Amino acid sequence: MSGPNILSTRIDNRLIHGQVGVTWTNHLGANLVVVANNKVAGDEVQQSLMEMVLPDTVQARFFTLQKTIDVIHKASPRQKIFLVVKDVQDALALKEGGVPFTYLNIGNMHYEEGKKQISSTVSVDESDITAFKRLAELGVELDLRGVPSDRGQNILELL
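As a starting point, this report considers the structure included with it. (Residues numbered from 1 in each chain as written. Predicted model: local features only at pLDDT ≥ 70, side-chain atom pairs only at ≥ 80, totals over all residues. Heavy atoms only, no water.)

**Observations regarding the pairing of strand β3 (residues 59–63)**
Reasoning step 1: Summarising the sheet, strand β2 (residues 32–36) and β3 pair through five bridges and their orientation is parallel. When the sheet's bridge partners are listed, Val 35 is paired in β3 with Phe 62.
Reasoning step 2: In this view, the connection linking β2 to its parallel neighbour β3 by way of helix α2 (residues 44–53) has right-handed handedness. (Pairing = 2+ DSSP bridges. Helix = DSSP H or I, 4+ residues; strand = E, 2+ residues; numbered from the N terminus. Right-handed = clockwise from strand over helix to strand, strands pointing away.)

Here it is in structure tokens:
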């Protein structure tokens, strides 16, 4: 059996919002957005707000990181999956847990104390840099890009 049909994986600390829910899902042709995040997996209010942004033709699932690792291989080939995580540590946990993605779109990682801004929408600290380097070692292409029409950039070149 082949693996799950993961069209793309994206880091966006806002998870599902207009840019993800409309622009990226339409561009990818996704019919399922899987949000892998331990906190949101248990927050029905946040889930409802995020689902409101999605077109009627796109479903959403909100799983913990571990549940994503456990169930992603059971996905039907008809499910065209757009996987969204909050940060690079979550992406690395999924990859090391066996979730088969080879491309990671880095969209938004907001600035906070102790982080260095490397683009208009992405700020990193040492732990983020270590995680990105590990993902690269695992064969993941790291593409910093806000929207599909932007020119992508390998995030390692900015670190």
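**Comments concerning the environment of Val 84**
Reasoning step 1: The topology assignment puts Val 84 in strand β4 (residues 81–85).
Reasoning step 2: The class of Val 84 is buried, set by a relative accessible area of 0%.
Reasoning step 3: Taking the C-alpha atoms as reference, Val 84 lies 14 Å from Pro 100; in sequence the two are 16 residues apart.
Reasoning step 4: Excluding anything up to four places from it in sequence, Val 84 contacts Arg 10, Leu 15, Val 20, Val 33, Val 34, Val 35 and Ala 36. (Buried < 20%, exposed > 50% of the residue type's maximum accessible area, 1.4 Å probe, protein only. Contact = heavy atoms within 4.5 Å.)

**Points about the packing of aromatic side chains**
Reasoning step 1: Considering all chains together, one arrives at one aromatic pair under this definition.
Reasoning step 2: Across the ring face of Phe 101, the terminal group of Lys 95 is positioned such that the distance to the ring centre comes to 5.5 Å. (Phe/Tyr/Trp six-rings, centres within 6.5 Å; stacked < 30°, edge-to-face > 60°. Lys NZ or Arg CZ within 6 Å of the ring centre and 35° of its normal.)

**Here we look at the sheet that holds strand β1 (residues 6–12)**
Reasoning step 1: Taken together, the seven strands give an open sheet; going across it, the order is β3-β2-β4-β1-β5-β8-β9, and neighbouring strands pair in mixed fashion. Two strands close off the open sheet at either side, each with one partner strand: β3 and β9 (153–154).
Reasoning step 2: Note that β2 and β4 share five bridges and pair parallel. Within the sheet, the bridge partner assigned to Val 33 lies in β4 and is Phe 82.

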